[in-house]
Amino acid sequence: GSFGKSNATAPTTGPGGNPNVDAALTAADLKAIQASTGDKRAAAHLATLEASAPQHVADVYQVILNRAANQSGGIPAVITAREQFSPYSAAIYGTSADGAAAAKYGPLKLSKKELFDLAGKPDGIQQLTKRFNAGNPSVAAKVLADFEVNGPLSQSSKKFVGGAQY
């Protein structure tokens, strides 16, 4: 597809309404993904490997941000650290204490360089989803866009997760 070539306006939701969740990427989703840094794209993709419902994905993303705020190296150090988040840990290090993650992602043999090269592309979340054969670009985009504007998902995550790093 020709990502980012649309001039469609962003869909809106009602007060406190949640955006519709589906696998199709809207023009607004693509805009949110492209506006984000590669680090944030990778973190949002990782969050969709750890959870599926948008609010749960937002909660995982908040935990990543909390850990990154307290660690030199920021988001890249947090999401690629051994045994921090098992899907990426297994893909990078080839194994994980989480047996399911080790079996599913261990064989990917993903380097940190490749991870951030893919995430750095305008369609980075789609690239990572293809490479991992897992993830949800639409939910990742919604979470990224929501956090950019302090939307309902991010507000709920800030209340529920707070400053927790677990």
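Counting from 1, residues in each chain are numbered in the order their sequence is written. The model is predicted, so local features are restricted to residues of pLDDT at least 70 and side-chain atom pairs to those at 80 or more, both for listing and for counting; the totals for chains, interfaces and linings are taken over all residues. Think of the side-chain values as coming from all heavy atoms in the structure, minus any hydrogens and water.

A.B. asks: Looking at this structure, I do not really get the nonpolar core. What am I missing?
C.D. replies: Taken as a class, soluble globular proteins show a tendency for nonpolar side chains to be buried jointly. Working definition of a nonpolar core: buried Ala, Val, Leu, Ile, Met, Phe, Trp, Tyr and Cys residues. They are joined through side-chain atoms within 4.5 Å. Exposed residues in this analysis have more than 50% of their type's maximum accessible area, buried residues have under 20%, and partly exposed residues fall in between, with area computed by a 1.4 Å probe over protein chains only. Formed by 41 residues in total, the largest nonpolar core has its most connected members in Ile64, Tyr88, Tyr105 and Phe132. Counting only elements with at least two residues in this core, the list comes to α2 (38-50), α3 (54-69), α4 (74-80), α5 (86-93), α6 (99-105), α7 (112-119), α8 (124-132) and α9 (137-148). Elements are defined by DSSP. Helices are runs of H or I of four residues or more, strands are runs of E of two residues or more, and each kind is numbered from the N terminus. If one sorts the elements of this core by residue count, α3 sits on top with seven residues. Note on contacts: a residue pair qualifies if any of its non-hydrogen atoms lie within 4.5 Å across the two residues. Not counting residues within four places of it along the chain, the set of residues in contact with Ile64 comprises Ala43, Leu46, Ile75, Val78, Ile79 and Phe85.

A.B. asks: Would you mind going over the packing of α2 against α3 with me for this structure?
C.D. replies: Viewed as axis vectors pointing N to C, α2 and α3 meet at an angle of 130°, and their least axial separation amounts to 8 Å. Classified by the interaxial angle, the pair formed by α2 and α3 is oblique. The hand of the α2/α3 crossing is right-handed. Listed contacts from α3 to Lys40, Ala43, Ala44, Leu46, Ala47, Thr48 and Glu50 of α2 are Val57, Val60, Tyr61 and Ile64. Just so you know the grouping, Ala, Val, Leu, Ile, Met, Phe, Trp, Tyr, Cys and Pro go in nonpolar, Asp, Glu, Lys and Arg go in charged, and all remaining residues, Gly too, go in polar. Its residues assigned to classes, the contact of α2 with α3 comprises eight nonpolar, one polar and two charged. Orientation is described by lines fitted to C-alpha atoms, with helices fitted over the stretch in contact, and by angles between N-to-C directions that extend from 0 to 180 degrees. Small angles under 35 degrees read as roughly parallel and large ones over 145 as roughly antiparallel, with 65 to 115 read as roughly perpendicular and the rest as oblique. If you view the pair so one helix is near and one far, a crossing is left-handed when the near helix is turned anticlockwise from the far one by less than a right angle, and right-handed when it is turned clockwise.

A.B. asks: Whenever I open this one, the pattern of salt bridges confuses me. Can you help?
C.D. replies: For side chains bearing opposite charge, pairing can occur when the charged atoms are close. The term salt bridge refers to a side-chain nitrogen of Lys or Arg lying within 4 Å of a carboxyl oxygen of Asp or Glu. The full count for this structure, using the stated rule, is three salt bridges. In this structure, Arg131 engages Glu114 in a salt bridge whose closest nitrogen and oxygen atoms are separated by 2.7 Å. Here the residue Arg131 occupies a position in helix α8, and Glu114 occupies one in helix α7, the gap between them amounting to 17 residues. Since its relative accessible area comes to 25%, Glu114 is described here as partly exposed.

A.B. asks: It is not clear to me how α9 should be interpreted in this structure. Could you clarify?
C.D. replies: Owing to its 3.6 residues per turn, the α-helix brings residues three or four apart onto one side. Taking 1.5 Å of rise per residue, the twelve residues of α9 would be expected to cover 16 Å, and the 16 Å separating its terminal C-alpha atoms lies within 8% of that figure. When α9 is considered as a whole, its buried residues turn out to be Pro137, Ser138, Val139, Ala140, Ala141, Lys142, Val143, Leu144, Asp146 and Phe147. Any pair of N or O atoms that falls within 3.5 Å is considered a polar contact. Within protein, one atom must be able to donate a hydrogen and the other to accept it, and sequence-neighbouring residues count only if both atoms are side-chain atoms. A distance of 3.1 Å separates the backbone nitrogen of Ser138 from a side-chain oxygen at the start of α9, and that oxygen is part of Asn136. Of the residues one or two after α9, Asn150 is the one with positive phi, at around 55°. An expected span of 1.5 Å times one less than the residue number is assigned to each helix.

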